Amino acid sequence: MPFRSTRALPMPRDAASRFLPWIVALMVFLAALALAAVMLLDASLDRWQADLTGTLTVQMPPLDEPAQTDTAVAQLVAFLQLTPGVESAEALSRDRLSALVAPWLGDTAEIAELPMPRLIDVRLRNGALVDLPALNAKVADIAPGATVDDHQVWLARLVRYARTLETTAIVVLGLVAGVWVITVLFVTLTRMSIHRAVIALLHLMGASDGYIAGQFQRHALRFGFGGGLIGVLMATAALLALDRAAADLATAILPVPRLSPEQWAALASLPIITALVAMLTARLTVLVQLKRMP
């Protein structure tokens, strides 16, 4: 006989059914935060590596007289510009040094009154190999006390730390996804146990396994999407609150959790993904269980 009703197998409206979307919302909330952390860390790593790869910084401590310091800096710049593998070398002006220390000392700090070292920004050619120990020794000969800071050393440590955080966030995301699949599995098995007699009757009346599975998958799709939407909205509110709190800071020392439009779109797709995973899990669970029934 044809079965056209989509509610031939009514789902119970018990307390568990009312709380289930909120459980889904909590899991999606955690998943959204973990996904946002992964995307933010990945974007930050790309930006750091693009900004610092192939760069060196020469630090020149201040001498007794400002004129002596300026002369030593000029000699270092001239030497560095002639060094093989160096594309450019530029001494940072006092205004740029003031901008660098402003987050810590304030905009009113007078750089001329502070014993700040002079900095030289060195850009290397693509693929250039520079003998850093020899370069450091030559720089020290020209200006005693001057040193070469290779950004790759601490950048590598920073990248390892950020990758560890990123891996942790991915593990959290995977655990949440696994818990979600297990939750749908057990909810579906519980529903089947409750409606076992009705399912047997539908079988006797000629209902196919696909028809019975459709009853469960529609229910899973509904509470998966509803709970996922709530979870994403909660995560969006949390991220916007963090963004606003960071914007209120007096300095820009701390990173701002600001997502791009593409990353926001990835978060917005979570309710759909959650609903589809719930639907497929429920359908496969029902079909497997029906094949085991006499």
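Criteria and thresholds
Residues numbered from 1 in each chain as written. Predicted model: local features only at pLDDT ≥ 70, side-chain atom pairs only at ≥ 80, totals over all residues. Heavy atoms only, no water. Helix = DSSP H or I, 4+ residues; strand = E, 2+ residues; numbered from the N terminus. Buried < 20%, exposed > 50% of the residue type's maximum accessible area, 1.4 Å probe, protein only. Salt bridge = Lys/Arg side-chain N within 4 Å of Asp/Glu carboxyl O. Pairing = 2+ DSSP bridges. Contact = heavy atoms within 4.5 Å. Axes fitted to C-alpha atoms, helices over the stretch in contact; angles between N-to-C directions. Left-handed = near helix turned anticlockwise from the far one by under 90°. Nonpolar A, V, L, I, M, F, W, Y, C, P; charged D, E, K, R; others polar. Parallel < 35°, antiparallel > 145°, perpendicular 65-115°, else oblique. Expected span 1.5 Å × (residues − 1). Phe/Tyr/Trp six-rings, centres within 6.5 Å; stacked < 30°, edge-to-face > 60°. Core = buried A, V, L, I, M, F, W, Y, C linked by side-chain atoms within 4.5 Å.

Trainee: I keep staring at the environment of A37 and nothing clicks. Help me out?
Mentor: When you line up the elements, A37 lands in helix α1 (residues 15–52). Classification of A37 as partly exposed rests on a relative accessible area of 29%. Separated by 128 residues in the primary sequence, A37 and L165 have C-alpha atoms spaced 8.6 Å apart.

Trainee: Is there a simple way to explain the environment of Q81 in this structure?
Mentor: Tracing the sequence through the fold places Q81 in helix α2 (residues 66–81). In sequence terms Q81 and V122 are 41 residues apart; their C-alpha atoms lie 8.7 Å from each other.

Trainee: Looking at this structure, I do not really get the pattern of salt bridges. What am I missing?
Mentor: Any two side chains of opposite charge can pair, given that their charged atoms come close. Here the structure, examined in full by the defined rule, presents four salt bridges. Where R123 meets D121, a salt bridge forms, and the shortest distance between an N and an O atom there is 3.2 Å. In this structure R123 comes out as partly exposed when scored by relative accessible area, which is 35%. The structure contains a network of salt bridges with shared partners spanning D42, R163 and E166.

Trainee: What is the right way to look at the pairing of strand β1 (residues 55–60) in this model?
Mentor: One face of the sheet, then the other: side chains in a regular strand alternate in exactly this way. Counting buried residues in β1 gives five out of six residues, a clear majority hidden from the surface. In the sheet, β1 pairs with strand β3 (residues 118–124) via six bridges, with the strands oriented antiparallel. For T55, the partnering residue across the bridge sits in β3 and is R123. Note that β1 and strand β4 (residues 147–150) share four bridges and pair antiparallel. Counted as the bridge partner of T57 is D149 from β4.

Trainee: So what exactly am I meant to see when it comes to the environment of L20 here?
Mentor: Residue placement: L20 occurs in helix α1. Here the alpha-carbon distance between L20 and V184, two residues 164 residues apart in the chain, equals 10.0 Å. The residues contacting L20, other than those within four sequence positions of it, are T183, V187 and F223.

Trainee: Which parts of the structure should I look at to understand the packing of α2 against helix α4 (residues 132–142)?
Mentor: The description of two packed helices rests on the angle between their axes and on the distance between the axes. The interhelical angle for the contact between α2 and α4, taken along N-to-C directions, is 150°, at an axis separation of 10 Å. Crossing handedness for the pair α2 and α4: right-handed. Here Q75, L76, F79 and L80 of α2 come into contact with α4, specifically with L135, K138, V139 and I142. Residues that form the contact of α2 with α4 fall into these classes: six nonpolar, one polar and one charged.

Trainee: What am I meant to see in the packing of helix α5 (residues 151–194) against helix α9 (residues 270–292) here?
Mentor: At a closest axis distance of 9 Å, the pairing of α5 and α9 adopts a crossing angle of 45°. The orientation of α5 relative to α9 falls into the category oblique. Crossing angle aside, the handedness with which α5 passes α9 is right-handed. Side by side, α5 and α9 meet where W180, V181, V184, L185, T188, L189 and M192 of the first sit next to T274, V277, A278, T281, A282, T285, V286, Q289 and L290 of the second. When its residues are assigned to classes, the contact of α5 with α9 shows eleven nonpolar, five polar and no charged.

Trainee: Where do I start with the sheet that holds strand β2 (residues 86–91) in this structure?
Mentor: Two orientations exist for strands paired in a sheet by backbone hydrogen bonds: parallel and antiparallel. One open sheet holds the four strands; their spatial order is β2-β3-β1-β4, and the pairing between them is antiparallel. Unpaired on one side and paired on the other, β2 and β4 mark the two borders of the sheet. Adjacent strand axes in the sheet meet at a mean angle of 25° when their direction is disregarded. Sitting on the sheet, α2 is in contact with β1, β2 and β3, with an inclination near 5° to β3.

Trainee: Explain α9 here, please?
Mentor: In an α-helix, one turn spans 3.6 residues; hence positions three or four apart end up facing the same way. With 23 residues, α9 should reach 33 Å at 1.5 Å per residue; the first-to-last C-alpha distance of 33 Å fits that figure. Every buried residue of α9 is listed here: L270, P271, T274, A275, A278, M279, T281, A282, T285, V286 and L290.

Trainee: What am I meant to see in the packing of aromatic side chains here?
Mentor: For the structure on display, the rule yields one aromatic pair. Ring geometry for W180 against F223: centres 6.1 Å apart, planes inclined by 90°, an arrangement best described as edge-to-face. Within this pair, whereas W180 is found in helix α5, its partner F223 is found in helix α7 (residues 209–247), the two being separated by 43 residues in sequence. Across the pair, F223 and W180 agree in class, each one buried.

Trainee: What is the right way to read the nonpolar core from this model?
Mentor: The nonpolar side chains of a soluble globular protein tend to be buried, and buried together. Formed by 25 residues in total, the largest nonpolar core has its most connected members in W180, F223, L259, L267 and L270. Those elements that provide at least two residues to this core are α1, α5, α7 and α9. Contact partners of L259, with chain neighbours within four places excluded, come to A36, M39, L40, L239, W264 and L267. Counting residues in each nonpolar core, the second largest holds 19 residues, with A72, V73, L135 and V148 among its members.

Function cannot be inferred from these measures alone, as they are strictly geometric.
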